[in-house]
Amino acid sequence: MTEVVGDRGDVSRRDMRAFVARGGGARIETRELPQPGPNDVIVRTTAASMCSADIATVKGDFDFATGSVDQRGIVVGHEAIGTVHAIGELVEGFEIGDRVGAASTSPCGQCTNCQRGFKGHCGGTIWGGYTAGVSRDGYLAEFYRVTDARENLVRIPDGVSDAAALLAIDTLASGSSGVEAANIALGSTVVVIGQGHVGLAATVTAKLQGAARVIVVKNRPGGEDRARALGATVTLNHTDDDVRAEVLRLTDGAGADLVVEASGSTQAFPLAIELTRLGGTTSVLSSYDGAAESSLSLPIEQWGWGLGDKTILSTFQLCGSERISRLLRLLESEPFDPNVFFTHTYSFDEVGRALTELGDSSVGVLKPLIQFR
Ligand SMILES: [Zn+2]
Ligand SMILES: [Zn+2]
């Protein structure tokens, strides 16, 4: 543990309040304030958000629920911003009080996968860079620790609101990855299957990357205004529409240049392949972990019998301070309203209710904004 004094911050405060998961539930508890290792920064939280991954953490779907970690519990959360409170001895470029954030995936930047450009899989394991609230204490607390700060931490421009910054570090970082990796041409036609927060982020990214048509697909009607506000030009749903026929009709039978599969449904994967034109790209933004099936089905004829030049991409969040800085600069130019994503606001004292309501589809929380001040 590093002793930190003077311009590296005040570490005299010892306790904080944190949202801790243990034994299938979560509540606010008093916890020891984290101390910075040499490469870390401690952030005093000002605002945070949550997504379905936090629900999975609390349910115990991730690895932490074993042995002594389970006894101690784990601080939930991976989406937060705040101000610099303490700085590890090897970290340069930040000052106490700087307004900062870091992507929800926080890689080391030095291992083989990081150096190959696959930072999400830091350490050699799938999602290995995603540690906050999974294998170490997360960010839903009055203070949190950003590891490898020079790799991960960014200053937030003054012109970027809390909502915009929170969107950049997780939802947009993830949702934009599948479109950015597909490298679409100007004027492309893009289909996005699934319009949860990640699918909506893919929708707005497709628009910003020059798609002429963005066709979005949901299971049921609802949320069309939100999708249109983010650039959807056609909204379809499986309840009212023959999605396959309609997409083929809109594309003169060819299919879309890019189909983003962001619904998380294994049934949507073969549809995504089918709706992709010859020479086009199917980009998977879903995690199918926990699916009842152990494999995805690939429709061979619609894949072009193996000769269709259809590319299948799978991406995990593109992260690191350089990329997050770019997303913040993008949001500073106000290309869309980030408040479209934040449907409900809570205080930190209400974080338990926020989590419950996020998991209750009848409440209609897309993303909660958790305020700490
Ligand atoms: Zn998240
Ligand atoms: Zn790494």
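Reference entry: report on the structure contained in this document. (Residues numbered from 1 in each chain as written. Chains lettered and ligands numbered in written order. Predicted model: local features only at pLDDT ≥ 70, side-chain atom pairs only at ≥ 80, totals over all residues. Heavy atoms only, no water.)

As a further point, take helix α7 (residues 197-208). Compared with the 16 Å implied by 1.5 Å per residue over 12 residues, the 17 Å span of α7 between its first and last C-alpha is a close match. Within α7 the residues assigned to the buried category are His-197, Val-198, Gly-199, Leu-200, Ala-201, Ala-202, Thr-203, Val-204, Thr-205 and Ala-206. Phi turns positive, to about 100°, at Gly-210, one or two residues after α7. (Helix = DSSP H or I, 4+ residues; strand = E, 2+ residues; numbered from the N terminus. Expected span 1.5 Å × (residues − 1). Buried < 20%, exposed > 50% of the residue type's maximum accessible area, 1.4 Å probe, protein only.)

With that settled, the discussion passes to the nonpolar core. Counting 47 residues, the largest nonpolar core has Val-190, Val-260, Ile-324, Leu-328 and Phe-341 as its most contacted members. Listing elements by their share of this core, those giving two or more residues are α5 (162-175), β9 (189-193), α7, β10 (213-218), β12 (256-261) and α11 (321-332). Looking at this core, the element that brings in the most residues is α5, giving nine residues. If you count residues domain by domain, this core takes at least three from each of domain 1 (6-174 + 318-371) and domain 2 (177-314). The contact partners of Val-260, leaving out residues within four places of it in the chain, are Val-179, Val-190, Val-191, Val-192, Ile-193, Ala-202, Ser-283 and Leu-285. With 32 residues, the next largest nonpolar core counts Phe-19, Val-76, Val-91 and Val-351 among its residues. (Core = buried A, V, L, I, M, F, W, Y, C linked by side-chain atoms within 4.5 Å. Domains from an automatic or database assignment. Contact = heavy atoms within 4.5 Å.)

This part is about the sheet that holds strand β2 (residues 25-32). Taken together, three strands build an open sheet; the order of strands is β2-β1-β4 and the sheet is antiparallel. Every interior strand has two partners, whereas the edge strands, β2 and β4 (74-75), have only one. (Pairing = 2+ DSSP bridges.)

On the surface, Leu-298, Ile-300, Trp-305 and Ile-312 cluster together into a nonpolar patch covering about 400 Å² of accessible area. Residue placement: Leu-298 occurs in the loop between β13 (276-284) and β14 (311-314). Judged by its relative accessible area of 30%, Leu-298 falls in the partly exposed class. (Patch = residues over 30% accessible without salt bridge, like charges linked within 9 Å, V, L, I, M, F, W, Y side chains within 5 Å. Areas by Shrake-Rupley, 256 points an atom, 1.4 Å probe, with all protein chains shown as cover. Salt bridge = Lys/Arg side-chain N within 4 Å of Asp/Glu carboxyl O.)

Under perfect tetrahedral coordination by four donors, a metal shows angles of 109.5 degrees; under perfect octahedral coordination by six donors, it shows angles of 90 or 180 degrees. Of the protein atoms, only Cys-108 (SG), Cys-111 (SG), Cys-114 (SG) and Cys-122 (SG) coordinate the zinc ion (ligand 2), at distances of 2.3 to 2.4 Å. For the zinc ion (ligand 2), the four donor atoms are set out with angles of 100 to 118° between them, so the coordination reads as tetrahedral. (Donors = N, O, S within 2.8 Å, 3.2 Å for Na, K, Ca; no water. Tetrahedral: all angles 85-135°; square planar, octahedral: opposite > 155°, others 65-115°.)

Here the focus is the pairing of strand β3 (residues 41-49). With respect to burial, β3 is a largely interior element, eight of its nine residues being buried. Pairing between β3 and strand β5 (residues 79-87): eight bridges, direction antiparallel. Counted as the bridge partner of Ala-48 is Ala-80 from β5. As judged from the four bridges shared by β3 and strand β7 (residues 143-146), these two strands associate in the antiparallel manner.

Turning next to a negative patch on the surface. A cluster of like negative charges, contributed by Asp-158, Glu-332, Glu-334 and Asp-337, occupies part of the molecular surface. Here Glu-334 is to be found in the loop between α11 and β15 (342-347). (Lys, Arg positive; Asp, Glu negative; His and termini not counted. Charge placed at Lys NZ, Arg CZ, Asp CG, Glu CD.)

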